[in-house]
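One letter stands for each residue in the lines below.
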Amino acid sequence: METPETPGMPETPQPASHDGEREDQPVGADSPQQQRARRLAALSALAAAPGASASSSGASGQPMPGSVLATRQPRWRRARVMLAVVVLLGVAAAAVWKLHPFTSTSTVSRPSVPVQMLPNADGGMYCANDMAFAPQSHRLALLGFEHPCSGAHPQVDSNMVPPPARVSGLFSTGSAGSATASTQAPPGLVSLYDSQRGALLGQFHPSALITPHLPQPSANVLAALATAGIQPDFLDGINYTHLLWSPDGQHLALTFEVFVTAGLPNTSNIPGQSFDGVLLTDVAGANPQVLVHPINRARPAATLWDLRSGTALPVPADLAPPSIFASVPPAQGYTWTSDGALHPQSPFPSVPSASAPSALPLAAVGTPEGGATFTPWQSGEVSNGSQSRPGPDNLIGVSTFAMDTAAWSPDGRFLAQRVGMMGVLVSPQSPAPDAKTLAASPSWAQAPRLPVRDVGLQQAIAVAGTNSFLPLRGVLVAWRPDGKQIAVDADRPDHAVVLFDCATGQPVATLTPPLHRQGSLLQGFTNLLRWSPDGSQLALYDATVATLTIWSGAQLPH
């Protein structure tokens, strides 16, 4: 007699009897509810038991020996394969580092003290005249020369520009002048450094790459020079102006100027033609491309290059220089367009109001290397005339600002050479020159009037007025790209750089290089002061001790 099934409950399988018939349910068996509870408890215990599975467990719930062996062998094989892959990856990484010394080092931990380099001792570089951080801020390129130089730049054309403009590289138009005809420019040199470790990664010689592509004097001029016993080499000396990275960090551009004589020198001038030029190369100095374009020596404007076609573009009408004191119209900013044109935005008025410097909020100053928009407040020089240095070049009691840069469009296709100006700073604390002052220095009448951007810049003006360490015209300034701090190279005896808050004018840090590694005393170009694009590093090249110092991380205030 069979036990009737309970409605709504699944039939529980019973062990088969030897005769193939289902056994009867014993008398006194549990109720269906008790059987369900017992099954659920057994399933819960089985699920909680480690390593238990329906396919590998016996009646006791323990793994069977055959199953353990089958599980362990594939795991060991996978482990051996993974170990081999790790070893191969390590060997490949070491090979890449060995073969490509310019690999990113952004993972290197920040040093606890400033990184310091000696370009003269480490790489044989003299008289550095520009430097630039890569977009990722982990490398720094330094431009200088292979041999010592002395005094002012030997290529400045002292006969083409008014006296106040002679001191700025912005207004150099080649070595056209009898006063500089006896000086030969030394060959150029570019050094690349790991900015976080201070290691010299490599060097290349741009002069050797550029010289074969330079215009040459005509044969009759060369013959006349030879008859007069004059070597034409110095006339074709390369006047390097800027060094900058491409927006992707894979290439370098060196802008330069050259002068090619068209006749014998006389007592006042050398006839000839000046050219703008740009050298494009990878970071190792390979695959060079040289572009050259004639310029107007008397009034040079910015040169816009289409790097894809290798040609110079017409200068837009709104970018035409207003005077010898500016290669572009002074404006609150400059913006690239898709067709490669660089346009000024909100030009400064010719006579700005003497309003107080701006406070918060302060906008970013931007970066010319790959920025779609940037302001004129780039690294430059602040000067403050004083009674101690009278003369036609010195506006007594008047503050000035000079900046000179090159710019690269965000897509890397277009490059602007010679973007700069020299103007008079105007604020309640820095009044514009009056008629009597301009009468003593009439050449300054053409100089643009610039508003004092922020209180930090006002502090830099004060520092320039008290500078007495060296007989220099002023002090170097560099805004952090976000526009919130300004660094001032005060040329103090301890070679310190002071950081000011741009909104409050309060000093927030004094950075003093560790001079125990100072280089030899050299006379040359002025110091160089540059922020990295992300504002995480600040570099100072001090020409008086030929030392390059980089501050980063906790050494800089936030």
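Let me sum up the structure you'll find in this document. Keep in mind the model is a prediction, meaning the values are calculated, not measured.

**Concerning the sheet that holds strand 6 (residues 239-245)**
And then number 1: Pairing within the open sheet is antiparallel, and its 4 strands lie in the order 6-7-8-9. What marks the edges here is a single partner per strand, and that holds for strand 6 and strand 9 (289-295). Each adjacent strand pair in this sheet contributes to an overall mean axis angle of 20°, direction not counted.
And then number 2: Sheet topology note: the strand 7 (residues 251-261)/strand 8 (residues 272-282) ladder contains 11 bridges and is antiparallel. When the sheet's bridge partners are listed, Thr261 is paired in strand 8 with Gly272.

**Quick look at the nonpolar core**
And then number 1: With 40 residues, the main nonpolar core has Leu342, Trp377, Val382, Phe401, Leu457, Val477 and Trp479 as its most contacted residues.
And then number 2: Counting only elements with at least two residues in this core, the list comes to strand 12 (331-336), strand 16 (399-408), strand 17 (414-426), helix 7 (455-466), strand 19 (474-479), strand 20 (485-489) and strand 21 (497-501).
And then number 3: Non-local contacts of Leu457, meaning those with residues more than four positions away in its chain, are made with Trp377, Val382, Leu425, Val452, Trp479 and Ile486.
And then number 4: Judged by nonpolar contacts, the second largest core, of 26 residues, contains Leu143, Phe145, Tyr240 and Val260.

**Focus on the sheet that holds strand 13 (residues 342-347)**
Strand pairing in a sheet relies on backbone hydrogen bonds. The paired strands run either parallel or antiparallel.
And then number 1: The strand order across the open sheet built from 3 strands is 13-12-14, with neighbouring strands paired in antiparallel fashion. Only two strands of the sheet have a single partner each, and these edge strands are strand 13 and strand 14 (373-374).

**Here's the deal with the environment of His293**
And then number 1: Mapped onto the secondary structure, His293 falls in strand 9.
And then number 2: Looking at His293, the relative accessible area reads 30%, which means it is partly exposed.
And then number 3: Spatially, the C-alpha atom of His293 lies 6.3 Å from that of Gly277, the residues being 16 residues apart in sequence.

**Notes on the packing of aromatic side chains**
And then number 1: Tallying each qualifying case throughout the model produces 7 aromatic pairs.
And then number 2: Taking 5.3 Å as the distance between ring centres and 35° as the angle between the ring planes, the aromatic pair formed by Phe325 and Trp444 counts as tilted. On the criterion of sequence distance, the pair formed by Phe325 in the loop between strand 11 (311-313) and strand 12 and Trp444 in the loop between helix 6 (435-440) and strand 18 (449-451) is long-range, its members being 119 residues apart.
And then number 3: On the basis of relative accessible area, Phe325 is assigned to the buried category, the value being 0%.
And then number 4: Considering the side-chain rings of Phe348 and Trp377, the 6.4 Å spacing of their centres and the 50° angle between planes classify their relative orientation as tilted. On the criterion of sequence distance, the pair formed by Phe348 in the loop between strand 13 and strand 14 and Trp377 in the loop between strand 14 and strand 15 (380-384) is long-range, its members being 29 residues apart.
And then number 5: Phe348 sits in the buried class, given a relative accessible area of 13%.
And then number 6: We classify Trp377 as buried; its relative accessible area is 7%.

**Examining the pairing of strand 25 (residues 547-552)**
And then number 1: Here strand 25 lies mainly inside the structure; 6 of its 6 residues are buried.
And then number 2: Burial along strand 25 is two-sided: Thr547, Thr549 and Trp551 and Leu548, Ile550 and Ser552, pointing in opposite directions, are all buried.
And then number 3: With 3 bridges connecting them, strand 1 (residues 115-117) and strand 25 associate as antiparallel partners. Across the sheet, the residue bridging to Met117 is Leu548, located in strand 25.
And then number 4: Both strand 24 (residues 537-542) and strand 25 contribute to a ladder of 6 bridges, which runs antiparallel.

**Looking at the side chain of Glu257**
And then number 1: Relative to the helices and strands, Glu257 is located in strand 7.
And then number 2: In terms of polar contacts, Glu257 uses its side chain to reach the side chain of Arg418, at 2.9 Å.

**What to know about unusual backbone geometry**
Glycine aside, negative phi is the norm for most residues, and most peptide bonds take the trans geometry.
And then number 1: The phi angle at Cys127 is positive, at roughly 50°, despite the residue not being glycine.
And then number 2: Along the chain, Cys127 turns up in strand 2 (residues 126-133).
And then number 3: Judged by relative accessible area, which is 5%, Cys127 ranks as buried.
And then number 4: Unusually for a residue other than glycine, Arg418 sits at a positive phi of about 70°.
And then number 5: Following the sequence through the fold, Arg418 ends up in strand 17.
And then number 6: By relative accessible area, Arg418 is classed as buried at 4%.

**Quick word on helix 7**
Residue pairs spaced three or four apart in an α-helix point in one direction, given the helix's 3.6 residues per turn.
And then number 1: Helix length check: helix 7 (12 residues) gives 17 Å between terminal C-alpha atoms against 16 Å at 1.5 Å per residue, within 8%.
And then number 2: Every buried residue belonging to helix 7 is among Gly456, Leu457, Gln458, Ala460, Ile461, Val463 and Ala464, and all of these are buried.
And then number 3: Here helix 7 starts with a cap whose side-chain oxygen sits 3.0 Å from the backbone nitrogen of Gly456, and that cap is Asp454.

**Here's the deal with the environment of Pro119**
And then number 1: Residue placement: Pro119 occurs in helix 3 (residues 119-123).
And then number 2: For the pair Pro119 and Leu142, spaced 23 residues apart in sequence, the C-alpha to C-alpha distance is 8.7 Å.
And then number 3: Beyond its immediate chain neighbours, meaning those up to four positions away, Pro119 contacts Gly124, Met125, Leu142, Tyr193, Tyr541, Ala546, Thr547 and Leu548.

**Describing the pattern of salt bridges**
And then number 1: One pass over the full model with this rule turns up 7 salt bridges.
And then number 2: Between Asp130 and Arg530 there is a salt bridge, with its nearest N and O atoms 2.9 Å apart. With a gap of 400 residues between them, Asp130 in strand 2 and Arg530 in strand 23 (residues 528-531) connect regions that are remote in the sequence.
And then number 3: Bridged by salt links that share partners, the residues Glu257, Asp276 and Arg418 form one connected network.

Definitions and limits used
Residues numbered from 1 in each chain as written. Predicted model: local features only at pLDDT ≥ 70, side-chain atom pairs only at ≥ 80, totals over all residues. Heavy atoms only, no water. Pairing = 2+ DSSP bridges. Helix = DSSP H or I, 4+ residues; strand = E, 2+ residues; numbered from the N terminus. Axes fitted to C-alpha atoms, helices over the stretch in contact; angles between N-to-C directions. Core = buried A, V, L, I, M, F, W, Y, C linked by side-chain atoms within 4.5 Å. Buried < 20%, exposed > 50% of the residue type's maximum accessible area, 1.4 Å probe, protein only. Contact = heavy atoms within 4.5 Å. Phe/Tyr/Trp six-rings, centres within 6.5 Å; stacked < 30°, edge-to-face > 60°. Polar contact = N/O pair within 3.5 Å; in protein donor to acceptor, adjacent residues only side chain to side chain. Expected span 1.5 Å × (residues − 1). Salt bridge = Lys/Arg side-chain N within 4 Å of Asp/Glu carboxyl O.

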